[in-house]
Structure formats: structure tokens, C-alpha cells
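Examination of the molecular architecture
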Amino acid sequence: DVKVTQSSRYLVKRTGEKVFLECVQDMDHENMFWYRQDPGLGLRLIYFSYDVKMKEKGDIPEGYSVSREKKERFSLILESASTNQTSMYLCASSSDKRTGVTRELFFGEGSRLTVL
Amino acid sequence: SQELEQSPQSLIVQEGKNLTINCTSSKTLYGLYWYKQKYGEGLIFLMMLQKGGEEKSHEKITAKLDEKKQQSSLHITASQPSHAGIYLCGAISGSARQLTFGSGTQLTVLP
């Protein structure tokens, strides 16, 4: 089974702290994504990556950066956390190879971040 | 950019009742995904529709994509408490590698 693992299920940080959210997938997927989920707003794409050392901005990249040094790992970085970044963060991956279901996204279980 | 609107935002039904959730797109859909999310967890893929008029079923859940490919419906027959959760529709957008999601429908099934 495809597995997308997010390192922390729950985090509590203070305003101004640097926060790292780690995501690892074990299916050799090319594409990786970071979403945040807020009530009433659904999932919004923060950043995505199609390849190692490659990144592209999603719909709401402000206040975030990402790193993809290895194919299996995609990190989301909050340089200086703010209270409006309190949210559920979801990592996902997908493959460009034909698997019978076009571009299905596989999600991690999420990281709930609270910024005080 | 593509926008997806889901309705209703929340739904409370008695166990055994049928229900329908709708997803309407501002643009033609080239691939429509349905996911389910239990509270505080990640999303689980349910099914994907591509062709206008297409209909797929998984256990008691059926999804359809209308002929004009701008709306999809998810229908649950004889709902069970295990069906409770958030249902989200997603559509391919941008370079066709990204999914844009609707805001979700919170389903509660009362025993």
C-alpha cells in the first residue's frame, strides 16, 4: 500500500518560531503537495513539487517555503509562524505513471498546527 | 482558476436514509475526484470520474458526472454511521497535476 507519512500529528508553537513539517512517501511518486485545510474553506494548495529540487507556488504560498532534496521527502517550512497559520496541514503525493486511476492523490493523516 | 462549490455544507440524516451531495464547477471538468475524510485524519480516495454521463459505484456510494461535465453528485443509499465524515470533491486544474478542492460537506448519520 502507498504510504504518505507526516512526521507530527499535533504541534503547538509560539508566534515567530520556525516550524518544519515533514512528509515522506514510499511509492517513488514524482509529485508531492502541501495543502492546508480550514473550516469552510476546504483544502487550499500551498506549494507543490514535480521533481527533486523543484517547487512551484500554489494558491496560498505567502508565509511558507518548501524543500525537496530527495524524491521521497517534501518539507514545509514556516519561517516565522503566525497565529493565522493555525491549521490542519495535509501532504499528498501522486504519480505520473499510469496506474488505472489518473493522478489519484494519496494523502497523509495530517498535521494539526496551533500557533499561540 | 477553477472553483468548485459543494452543497450542502452540512447534512444530518437518520441511519438508513438516502442522501445526495453535489459538486458544481465553474469550468468544464476533465477529471472529478471524490474523497472522504474522517475527522482529524487524511483523505481517502473514493472514486474518479472523467467522461460526461459516467457513473461509478463503490459499495453503497454512487457518483455521477453530468453530460456537460460541470457537475457531479454523490449519492449514498441506506446511510450508515460509518458513512459519517467530510466528503470533498476535487478537480484537475492548472498543469493537470494539481487538484482543486471544494469546501467539503460534513455528513452526520444518526443511529
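Residues numbered from 1 in each chain as written. Chains lettered and ligands numbered in written order. Predicted model: local features only at pLDDT ≥ 70, side-chain atom pairs only at ≥ 80, totals over all residues. Heavy atoms only, no water.

1. A look at the overall build of chain A
- What chain A contains, in helices and strands, is 0 helices and 11 strands.
- The linear arrangement of helices and strands in chain A, starting from the amino end, is β-β-β-β-β-β-β-β-β-β-β.
- Against the globule reference of 13 Å for 116 residues, chain A gives a C-alpha radius of gyration of 14 Å, in line with a compact fold.
- Dimensions along the principal axes, computed over C-alpha positions, put chain A at roughly 45 × 30 × 25 Å.
- Evaluated residue by residue, chain A yields a buried proportion of 49% over its 116 residues. (Helix = DSSP H or I, 4+ residues; strand = E, 2+ residues; numbered from the N terminus. Rg over C-alpha atoms; globule rule 2.2 N^0.38 Å. Buried < 20%, exposed > 50% of the residue type's maximum accessible area, 1.4 Å probe, protein only.)

2. Focus: the overall build of chain B
- Helix and strand content of chain B: 0 helices and 11 strands.
- Going residue by residue from the N terminus, the α and β elements of chain B occur as β-β-β-β-β-β-β-β-β-β-β.
- Relative to the compact-globule value of 13 Å for 111 residues, chain B shows a C-alpha radius of gyration of 13 Å, a close match.
- Seen along its three principal axes, the alpha-carbon backbone of chain B occupies a region of about 45 × 30 × 20 Å.
- Split into buried and exposed, the 111 residues of chain B put 47% on the buried side.
- Restricting the contact set of chain B to residue pairs at least 6 apart, pairs at least 24 apart contribute 53%. (Contact = heavy atoms within 4.5 Å.)

3. So, the pairing of strand 3 (residues 19-25) of chain B
Residue and element names in this part refer to chain B.
- Burial along strand 3 is one-sided: the residues Leu19, Ile21, Cys23 and Ser25 are buried and none of Thr20, Asn22 and Thr24 is.
- Where strand 1 (residues 4-7) lies against strand 3, 4 bridges are found, and the strand directions are antiparallel. When the bridges of strand 3 are listed, Glu5 appears paired with Thr24.
- Sheet analysis places strand 3 next to strand 8 (residues 71-76), joined by 6 bridges and oriented antiparallel. Of the residues in strand 8, the one forming a bridge with Leu19 is Ile76. (Pairing = 2+ DSSP bridges.)

4. A look at the environment of A:Ser49
All names here are of chain A.
- Take Ser49: it is sitting in strand 5 (residues 42-49).
- Counting along the chain gives 15 residues from Ser49 to Trp34, while the straight-line C-alpha distance between them is 9.1 Å.
- What Ser49 contacts, discounting residues up to four positions off in sequence, is Glu30, Asn31, Met32, Met54, Lys55, Arg68 and Phe74.
- Separated by 2.8 Å, the side chain of Ser49 and the backbone oxygen of Asp51 make a polar contact. (Polar contact = N/O pair within 3.5 Å; in protein donor to acceptor, adjacent residues only side chain to side chain.)

5. Notes on the sheet that holds strand 6 (residues 55-58) of chain B
All names here are of chain B.
- Across the sheet, which stays open at both edges, the 5 strands sit in the order 1-3-8-7-6 with antiparallel pairing between neighbours. What marks the edges here is a single partner per strand, and that holds for strand 1 and strand 6. The mean inter-strand angle of the sheet, taken between neighbouring strand axes irrespective of direction, is 15 degrees.
- Here strand 6 pairs with strand 7 (residues 61-65) via 4 bridges, running antiparallel. Within strand 7, the position partnered with Ser57 by the bridge is Thr62. (Axes fitted to C-alpha atoms, helices over the stretch in contact; angles between N-to-C directions.)

6. Some words on the interface of chain A and chain B
- Across the contact, 24 residues belong to chain A and 19 residues belong to chain B.
- Carbon and sulfur atoms supply 53% of the area buried between chain A and chain B, which totals about 1,800 Å² over both sides.
- For the interface between chain A and chain B, the tally reads 0 salt bridges.
- Summed over the shared surface of chain A and chain B, the number is 4 residue pairs in polar contact (both at pLDDT 80 or more). (Buried area = accessible area lost by both parts, 1.4 Å probe. Salt bridge = Lys/Arg side-chain N within 4 Å of Asp/Glu carboxyl O.)

7. A look at the pattern of salt bridges
All names here are of chain A.
- By the definition in use, this model includes 9 salt bridges over all chains.
- Here Arg9 and Glu109 are joined by a salt bridge, their closest N and O atoms 2.8 Å apart. Within this pair, whereas Arg9 is found in the loop between strand 1 (4-6) and strand 2 (10-13), its partner Glu109 is found in the loop between strand 10 (106-107) and strand 11 (111-115), the two being separated by 100 residues in sequence.
- The partner of Glu22 in a salt bridge is Arg73, with the nearest N and O atoms 3.8 Å apart. Taken together, the residues span a long stretch of sequence, with Glu22 in strand 3 (residues 19-25) and Arg73 in strand 8 (residues 73-78) at a distance of 51 residues.

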